[in-house]
Amino acid sequence: MHPMLTVAVRAARRAGRIINRASLDIDQVKIARKQRNDFVTEVDHASEQAIIDTLLTAYPGHSILAEESGHTPAKGAAAKAQEADFVWIIDPLDGTTNFIHGLPQYCISIALMEHGVVTQGLIYDPNRDELFTATRGRGAFLNDRRIRVSSRVRIEESLIGTGFPFRRIEDLDRYMTMFKSVMTKAAGLRRPGAAALDLAYVAAGRYDGFFELGLAPWDVAAGSLMVSEAGGLIGDFLGEPRHVFGEEVVAGTPKVFAQLLGLLRESDLVQPAP
């Protein structure tokens, strides 16, 4: 395992212990509302701090882009991450709403971006003790076992993951048209509520494809590398590699990826950039 990824694993397991302890008594967890349908807990903050402390102890000169604390050392837009030499992109608890309700579908996501390219990715599910990892050019793994995307080629036989636009209700009409288009073609559609874990499941062949809009870099960065290293394709709704910072994500086996993009175009949901 790459030395930087080894440090990220140490950080994730430390955060996972914090999350697992808190999950034993969720009623005692303090919860705040960031915006409509978007919550943060003291567990998110404690998990994030544990991850950042571990990473910066090993690599004090690196930058951080994290869901709860923003961008350090310089506060600013997510675009700053693309300018940094080394930036860790962190979601300390993806699936906070599931966690609050005791639904065991959430994860930790950590990625390292070097000069604008994701080179290390980690997604850790503390409930199942499943550790998904990837290093650019070296493949993707689940608990040290090599993983690949599924071999399915027809969307009619495929299980597709998705996510609802829960933060931006104005996207709902567009999403429902998209949902109907995919639902009428695919074998099944699932929405568990943690996008990073959904992308890990595409890499592991549990889903054959995935799509969502309104995502943030910390939802996508680690999973995007995982899908690519597992032999899949990932991009925005035009199929372009702007998914980490572009809010729109489509992923899947090569054939299913192409069919998902086709469904979006047929539904007039995606207009080419001017």
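Note that the coordinates shown come from a computational prediction; the quantities given were computed from them, not determined experimentally.

Helix and strand counts for the protein chain come out as 8 helices and 15 strands. Taking all 274 residues of the protein chain together, the buried fraction comes to 54%. Within the protein chain, counting contacts between residues at least 6 apart in sequence, those at least 24 apart form 65% of the total. Split by element, the accessible area of the protein chain, about 11,900 Å² in all, is 51% carbon and sulfur.

So, on to the packing of aromatic side chains. On inspection of all chains with the given rule, the structure shows 7 aromatic pairs. The interplanar angle of 70° and the centroid separation of 5.9 Å between the aromatic rings of Phe164 and Tyr175 together place this pair among those described as edge-to-face. Linking Phe164 in the loop between β11 (159–162) and α4 (172–183) with Tyr175 in helix α4, this pair joins segments that are 11 residues apart in sequence. Phe164 sits in the partly exposed class, given a relative accessible area of 39%. Members of the aromatic cluster, each reached through a chain of ring pairs, are Phe164, Tyr175, Phe179 and Phe211. The ring of Tyr201 has Arg206 lying over it, and the distance from NZ or CZ to the ring centre is 4.8 Å.

This part takes up the layout of surface pockets. Where empty space is left in the structure can be found by rolling a water-sized probe over the atoms. Of the voids in this model, the second largest pocket is the one considered here, and its volume is about 360 Å³. Lining the second largest pocket are 16 residues; nearest its centre among them are Gly116, Val118, Pro241, His243 and Val244. The set of elements that each furnish at least two residues to the lining of the second largest pocket consists of β7 (117–125), α6 (217–229) and α7 (243–246). Per element, the largest residue contribution to the lining of the second largest pocket is 4 residues, and it comes from α6. Of the residues contributing to the lining of the second largest pocket, the split by class is 8 nonpolar, 5 polar and 3 charged.

Take the pairing of strand β3 (residues 63–66) next. Here β3 shows two buried faces, one formed by Ser63 and Leu65 and the other by Ile64 and Ala66. Strand direction decides the pairing type here: β3 and strand β5 (residues 86–94), joined by 4 bridges, are parallel. Counted as the bridge partner of Leu65 is Ile89 from β5.

What follows is about unusual backbone geometry. Of note in the backbone geometry, Asp129 takes a positive phi value of approximately 55° without being a glycine. Within the element layout of this structure, Asp129 appears in the loop between β7 and β8 (130–135). On the accessibility criterion, Asp129 (39% relative accessible area) is partly exposed. Phi angles above zero are rare outside glycine, and Asp144 is one such case at about 75°. Mapped onto the elements of the fold, Asp144 is located in the loop between β9 (139–142) and β10 (145–147). Taking relative accessible area as the criterion, Asp144 reaches 67% and is therefore assigned exposed.

The next thing to look at is the side chain of Asp94. Mapped onto the elements, Asp94 comes out in strand β5. For Asp94, a relative accessible area of 8% translates into the label buried. The contacts of Asp94, once residues within four sequence positions are left out, are Tyr106, Cys107, Ala194, Ala195, Ala196, Leu197 and Asp219.

With that out of the way, let us pick up the nonpolar core. Of all hydrophobic cores here, the largest spans 40 residues; its most connected members are Ile123, Phe132, Leu199 and Met226. When residues of this core are traced back to their parent elements, those giving at least two are β5, β6 (107–114), β7, β8, β9, α5 (195–203), α6 and β15 (248–252). Not counting residues up to four positions away in its chain, the partners in contact with Leu199 are Phe210, Asp219, Val220, Gly223, Ser224, Val227, Ile234, Val249 and Ala251. Ala15, Ile51, Phe99 and Leu112 belong to the second largest nonpolar core, which has 29 residues in total.

With that settled, consider the pattern of salt bridges. Side-chain pairs of opposite charge can arise whenever the charged atoms involved come near each other. Scanning the model with the defined rule gives 8 salt bridges in all. A salt bridge links Arg174 to Glu248; its shortest N-O distance comes to 3.3 Å. Remark: Glu248 occurs in strand β15 and Arg174 occurs in helix α4; sequence separation between them is 74 residues.

α5 sits mainly inside the fold: 9 of its 9 residues count as buried. Burial in α5 covers these residues: Ala195, Ala196, Leu197, Asp198, Leu199, Ala200, Tyr201, Val202 and Ala203.

What counts as what
Residues numbered from 1 in each chain as written. Predicted model: local features only at pLDDT ≥ 70, side-chain atom pairs only at ≥ 80, totals over all residues. Heavy atoms only, no water. Helix = DSSP H or I, 4+ residues; strand = E, 2+ residues; numbered from the N terminus. Buried < 20%, exposed > 50% of the residue type's maximum accessible area, 1.4 Å probe, protein only. Contact = heavy atoms within 4.5 Å. Areas by Shrake-Rupley, 256 points an atom, 1.4 Å probe, with all protein chains shown as cover. Phe/Tyr/Trp six-rings, centres within 6.5 Å; stacked < 30°, edge-to-face > 60°. Lys NZ or Arg CZ within 6 Å of the ring centre and 35° of its normal. 1 Å grid on protein atoms, 1.4 Å probe; cavity = no way out; pocket = protein on both sides within 12 Å on 5 of 7 lines; lining within 4 Å. Points joined across faces, edges and corners; volume = space filled by probe spheres on them. Nonpolar A, V, L, I, M, F, W, Y, C, P; charged D, E, K, R; others polar. Pairing = 2+ DSSP bridges. Core = buried A, V, L, I, M, F, W, Y, C linked by side-chain atoms within 4.5 Å. Salt bridge = Lys/Arg side-chain N within 4 Å of Asp/Glu carboxyl O.

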